[in-house]
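Coordinates in review
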Amino acid sequence: YGAWQWNDQTRTFKPKSARFDPWCDCVILDFDHTCPWTGTAIGKNNIRSFRFFVTALQFLAYATAAVFIIAAVGAAKRSGNGGPR
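Residues numbered from 1 in each chain as written. Predicted model: local features only at pLDDT ≥ 70, side-chain atom pairs only at ≥ 80, totals over all residues. Heavy atoms only, no water.

1. What about the overall build of the protein chain?
Scanning the protein chain for helices and strands turns up one helix and six strands. Summarising its shape, the C-alpha atoms of the protein chain cover approximately 75 × 20 × 15 Å along the three principal directions. Across the 85 residues of the protein chain, 19% fall into the buried class. Here the analysis covers contacts within the protein chain between residues at least 6 apart in sequence; of these, 4% occur between residues at least 24 apart. Only carbon and sulfur atoms are counted for the fraction: they give 61% of the accessible area of the protein chain, which is about 6900 Å². Charge-centre separation for the protein chain: the mean point of 10 positive side chains lies 17 Å from the mean point of 5 negative side chains. (Helix = DSSP H or I, 4+ residues; strand = E, 2+ residues; numbered from the N terminus. Buried < 20%, exposed > 50% of the residue type's maximum accessible area, 1.4 Å probe, protein only. Contact = heavy atoms within 4.5 Å. Areas by Shrake-Rupley, 256 points an atom, 1.4 Å probe, with all protein chains shown as cover. Lys, Arg positive; Asp, Glu negative; His and termini not counted. Charge placed at Lys NZ, Arg CZ, Asp CG, Glu CD.)

2. Here we look at the side chain of D21
Its place among the elements puts D21 in strand 3 (residues 18-21). Here D21 is buried and forms no salt bridge, its nearest opposite-charge partner R19 lying at an N-O distance of 6.3 Å. A distance of 2.9 Å separates the side chain of D21 from the side chain of T34, its partner in a polar contact. Contact partners of D21, with chain neighbours within four places excluded, come to C26, I28, F31, T34 and A41. (Salt bridge = Lys/Arg side-chain N within 4 Å of Asp/Glu carboxyl O. Polar contact = N/O pair within 3.5 Å; in protein donor to acceptor, adjacent residues only side chain to side chain.)

3. Some words on unusual backbone geometry
The phi dihedral of D25 is positive, around 60°, even though this residue is not glycine. Inspection of the secondary structure puts D25 in the loop between strand 3 and strand 4 (26-29). With a phi close to 50°, D30 is a non-glycine residue in the positive phi region. The residue D30 is located in the loop between strand 4 and strand 5 (33-35) in this model.

4. Describing the packing of aromatic side chains
Counting across every chain of the model gives two aromatic pairs. An angle of 80° between the planes, with centres 5.1 Å apart, marks the rings of W6 and F13 as edge-to-face. Between F50 and F53, the ring centres sit 6.4 Å apart and the planes meet at 40°, which makes this aromatic pair tilted. Taken together, the residues span about one helical turn, with F50 and F53 both in helix 1 (residues 47-79) at a distance of three residues. (Phe/Tyr/Trp six-rings, centres within 6.5 Å; stacked < 30°, edge-to-face > 60°.)

5. Some details on the pairing of strand 2 (residues 12-15)
Across four bridges, the pairing between strand 1 (residues 4-7) and strand 2 is antiparallel. Paired with Q5 across the bridge in strand 2 is K14. Where strand 1 folds back onto strand 2 in an antiparallel hairpin, the turn is made up of four residues, including R11, whose phi is positive at roughly 55°. (Pairing = 2+ DSSP bridges.)

This is a description of form; function is not addressed.
Structure (structure tokens):
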């Protein structure tokens, strides 16, 4: 990771690839971003977990939409308003 450099915000040394995150008040190695939903800084040690979290949320959103569509179609068929015949 190369030479370390002084960081005035944390008053300590940090690797060049690390960055100070003021929201979390810590230095993060290979800092990517701060996630507003989890309230954590995303970096080298948790980027895989964050990507899994985002993928799981996307799957959950698709599954929820599918359940609502299936329920709406079933309710329309049961009420006799299933569309043109």
